[in-house]
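# Structural characterization, general
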Amino acid sequence: METHYHLSSTLEQFQQQFPTEEACIDYFFQTKWPSGFSCPHCGHSRAYITSTRRLPLYECLQCHHQTSLTAGTIMAGSRTSLHKWLTAIFLVSRTDQGTNAVALSKIISVTYKTAWLILHKIRHAISTADQCTRLSGIVQVNSAVYGKPYNPYFRNHPQEHYLLAGSSLNIQGEPSYIKLKLVPKIHIKEKFFQRAATLDFTQKHIESQTSSIEFITGRFSSKKFRALLAFAAKAGKYINNTFHGIGQKYLQHYLDEFCYKVNLTLHEAPIFQHLTHLCTAPHAKLNFFNPQNTRMCA
Ligand SMILES: [Zn+2]
């Protein structure tokens, strides 16, 4: 049975749509196996279901492999209900605001530590999907700074983080997929990006057969990079409003979360559904553009 899920816009609407654990189990099932059960081991479509456990257990009728909705996913081994997981996914997927561990722990009644771990795992799935997706076609990259808005000195301020903002462009020349990546401090010398910074970015984030790559790392940018730099500025605001000042340790995860939402918005794709896909996929080794494809990426 195919059910169409409308995008809930408020937490109240979300809770009305998914009032019980069963409703969430159904939704995870449909996301994981949209055309019915499929054995992860042999691909057989029929299973014996044991429903006496907290989560249903599916035993393949052909090879007897046992699996569950969370096996091999970021939720594997978690004792937190799927209802709480789905609530966290909903809260992360809102475009107008993010969520942090303090807020989540209150909403789903778990400890701060559990809430932190749930968010960390969701962000890990997002970052992994981004690592598997490279910029391609016509690519523009510009330097940016997160943190201290104005620092006239030549030395880097400890709260100043250097970024490379990259984008694939569509045929209209507008950004179609963006990335904001922290540049390691060793690749910055007196505020200047060393060649290693652009080489590292190219190697990790740009498709090798890209038709054109344009890098700007100087003090002055070009007009055509304006849209890209606006995203970097917005990311800074989003991160400050959601996480209230943070260290460098998890900054890359927060930047990836911001870009993930921007990229889905650019493609007019529903974030909640996409994020549920990422969270129900084995190993979360997914390509952004093809969440059904579970092939491992390098
Ligand atoms: Zn099987």
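Below, the structure is looked at part by part.

The rules behind the values
- Residues numbered from 1 in each chain as written.
- Predicted model: local features only at pLDDT ≥ 70, side-chain atom pairs only at ≥ 80, totals over all residues.
- Heavy atoms only, no water.
- Helix = DSSP H or I, 4+ residues; strand = E, 2+ residues; numbered from the N terminus.
- Buried < 20%, exposed > 50% of the residue type's maximum accessible area, 1.4 Å probe, protein only.
- Contact = heavy atoms within 4.5 Å.
- Areas by Shrake-Rupley, 256 points an atom, 1.4 Å probe, with all protein chains shown as cover.
- Expected span 1.5 Å × (residues − 1).
- Axes fitted to C-alpha atoms, helices over the stretch in contact; angles between N-to-C directions.
- Parallel < 35°, antiparallel > 145°, perpendicular 65-115°, else oblique.
- Left-handed = near helix turned anticlockwise from the far one by under 90°.
- Nonpolar A, V, L, I, M, F, W, Y, C, P; charged D, E, K, R; others polar.
- Pairing = 2+ DSSP bridges.

### Considering the overall build of the protein chain
When you go through the protein chain residue by residue, the secondary structure sums to 9 helices and 9 strands. Looking at the protein chain as a whole, 48% of its 298 residues qualify as buried. If you take every contact in the protein chain between residues at least 6 apart in sequence, the share linking residues at least 24 apart comes to 62%. For the protein chain, the accessible surface area stands at approximately 16000 Å², while carbon and sulfur atoms represent 54% of it.

### Structural notes on the side chain of Thr99
Tracing the backbone through its elements, the reader meets Thr99 in the loop between α3 (82–93) and α4 (101–107). Residues in contact with Thr99, not counting those within four places in the same chain, are Leu91, Val92, Leu104, Leu119, Arg123, Thr242 and Phe243.

### Overview of helix α8 (residues 251–266)
Taking 1.5 Å as the rise per residue, α8 with 16 residues should run 22 Å; its terminal C-alpha atoms sit 23 Å apart, in good agreement. With 14 of 16 residues buried, α8 is to be regarded as a mostly interior element. Glu268 sits one or two residues past α8 and shows a positive phi near 50°.

### Overview of the packing of α8 against helix α9 (residues 271–280)
Closest axis-to-axis distance for the α8/α9 pair is 10 Å, and the angle between their directions is 125°. Relative to α9, the element α8 is oriented oblique. The interaxial crossing formed by α8 with α9 has right-handed handedness. Residues Tyr260, Lys261, Leu264 and Thr265 of α8 touch α9, and the partners they reach there are Ile271, His274, Leu275 and Leu278. Partitioned by chemical class, the residues of the contact of α8 with α9 number 5 nonpolar, 2 polar and 1 charged.

### A short note on the pairing of strand β5 (residues 161–169)
By the criterion of burial, β5 is predominantly enclosed, with 9 of the 9 residues buried. Because side chains alternate across β5, one face comprises the buried residues His161, Leu163, Ala165, Ser167 and Leu169, and the other comprises Tyr162, Leu164, Gly166 and Ser168, equally buried. Examined bridge by bridge, strand β4 (residues 138–146) and β5 share 9 bridges and lie antiparallel to one another. Within β5, the residue paired with Gln140 across the bridge is Ser167. As defined by bridge partners, β5 adjoins strand β6 (residues 175–182) across 7 bridges and the pair is classed as antiparallel. Note on β6: the bridge partner recorded for Leu164 is Lys181.

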